[in-house]
Every structure is written in C-alpha cells, then in structure tokens.
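An overview of the molecular structure
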Amino acid sequence: ADGQVIGCGALHVMWEDLGEIRTLIVHDDWLHHGVGRAIVEELEQRARELGVSRLFCLTFEVDFFTRRGFSPIGEQVVDPDVYSQLVRSPDEGVAEFLDLAHVKPNTLGNTRMLKHL
C-alpha cells in the first residue's frame, strides 16, 4: 500500500529451453510470508510462456528451491552439442552456469540447481 518494494526476481533466458532465476530477494520484514514463492511461481509461468522447459539457479537457499521442485545438479546439465555452442557465449552468466575455467571459481559455496517445467 505504501509503494515499498518487498521483493524482486529476474528470469534470464540463456538458451531456447534453458533459463535462470536470478536476483531473487525478499525484504527481511517479508520473509516467510510467501513473497519468494510468489515471485518464483511468476517467473516459472513467464518461462513456460516463452517455451523454456528447464530453469536453473545458483543459490545458498537450497531448502527454499528444493521445496519449489529444484534439485542440485552436477556437471552434465546440457547436451554436448548445446554445451559446445554455449561455451562460446560472451554472457558471464552462461560461463558461470557451465562452470567454465575462465570464470572466478565458486568460492562462495552456492549450489547449482535445476527444475524441469
């Protein structure tokens, strides 16, 4: 009612069938009130409308995303042909997703997670 931003999130389409949920954040006063869930559900709906069938995220909030249907992933997240095309992308988000050597190593300890829509 007062125009305060209580949360935000972004959908970044990386490939014809692969998108990333980025920059998901909820104001501390609104944690555990369904705001994050609502944002993720809206981003998933937008992804479906765009024809994206898989979403991934890099997160510290593993339990939150697990409850939303995401699962931790290993190294083989795309087919080899797709990988060879993605590896040439100038997008640092793509490079981080693929865990390419020219990107700063994941010293923060966040988890790569994937959901099939």
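Scroll up for the structure.
Residues numbered from 1 in each chain as written. Predicted model: local features only at pLDDT ≥ 70, side-chain atom pairs only at ≥ 80, totals over all residues. Heavy atoms only, no water.

**Looking at the environment of E16**
For clarity, the threshold we go by: Put simply, DSSP marks the helices as runs of H or I at least four residues long and the strands as runs of E at least two long, and each gets a number from the N terminus on. Three exposure classes are used, based on accessible area relative to the maximum for each residue type with a 1.4 Å probe and protein chains only: buried under 20%, partly exposed in between, and exposed over 50%. Any two residues having at least one pair of non-hydrogen atoms within 4.5 Å are treated as being in contact.
Secondary-structure assignment places E16 in the loop between β1 (7-15) and β2 (18-26). A residue is classified by how much of its surface remains accessible, and E16, at 66% relative accessible area, is exposed. In sequence terms E16 and G51 are 35 residues apart; their C-alpha atoms lie 7.4 Å from each other. Sequence-distant contacts of E16, defined by excluding residues within four places in its chain, comprise G51 and V52.

**Regarding the pairing of strand β3 (residues 54-59)**
The criterion, for reference: Two strands pair under a simple rule: DSSP has to find at least two bridges between them. Look down the strands so they point away from you; if the path from the first strand over the helix to the second goes clockwise, the crossover is right-handed.
Counting buried positions along β3 yields 5 of 6 residues, so the element is predominantly enclosed. Here 3 bridges tie β2 to β3, and the two strands are oriented parallel to one another. The residue of β3 that forms the bridge with G19 is L55. Handedness of the crossover joining β2 and β3 through helix α1 (residues 35-49) is recorded here as right-handed. Bridging between β3 and strand β5 (residues 111-116) involves 6 bridges; their strand directions are antiparallel. Bridging across to β5, L55 finds its partner in K115.

**With respect to the nonpolar core**
Rules: Buried residues of nine kinds, namely Ala, Val, Leu, Ile, Met, Phe, Trp, Tyr and Cys, make up a nonpolar core once their side-chain atoms join them within 4.5 Å.
The biggest cluster of nonpolar side chains holds 14 residues, and the ones touching the most others in it are I21, V40, L55, C57, F65, F70 and M113. Mapped by element, the contributors of at least two residues to this core are β2, α1, β3 and α2 (62-67). Sort the elements by how many residues they give to this core and α1 lands first, with 5 residues. Those residues in contact with C57, other than ones at most four positions away along the chain, are I21, F65, F70, T111, R112 and M113.

**Description of the side chain of E20**
Put simply, the rule is: Between N or O atoms, a polar contact is any pair within 3.5 Å; within protein, one atom must be a potential hydrogen donor and the other a potential acceptor, and residues adjacent in sequence are included only when both atoms are from side chains.
With respect to the secondary-structure elements, E20 resides in strand β2. You can call E20 buried: its relative accessible area is 7%. Of note is the side chain of E20, whose polar atom sits 2.6 Å from the side chain of R22. Residue contacts for E20: discarding those within four places in its chain leaves A10, L11, H12, M14, L55, F56 and L58.

**Quick look at the pairing of β1**
For β1 and β2, the ladder comprises 7 bridges, and the chain directions are antiparallel. Paired with H12 across the two strands is E20, which belongs to β2. Remark: 2 residues form the turn of the hairpin made by β1 and β2, two consecutive strands paired antiparallel.

**A short note on the packing of aromatic side chains**
Convention followed: Aromatic pairing here means that ring centres of Phe, Tyr or Trp (its six-membered ring) are within 6.5 Å. Orientation follows from the plane angle: under 30 degrees is stacked, over 60 is edge-to-face, and everything else is tilted. Look at NZ for Lys and CZ for Arg. If either is within 6 Å of the ring centre and within 35 degrees of the ring normal, a charge sits over the ring.
Tallied over the entire structure, the rule returns 2 aromatic pairs. Measuring from ring centre to ring centre gives 5.0 Å for F64 and F65, while their planes differ by 90°; the resulting arrangement is edge-to-face. Residue class for F64 comes out buried when judged on its relative accessible area of 17%. Three or more aromatic residues link up through ring pairs in this structure, and these residues are F64, F65 and F70. Positioned above the aromatic ring of F64 is the side chain of R68, whose terminal nitrogen or guanidinium carbon lies 4.5 Å from the ring centre.

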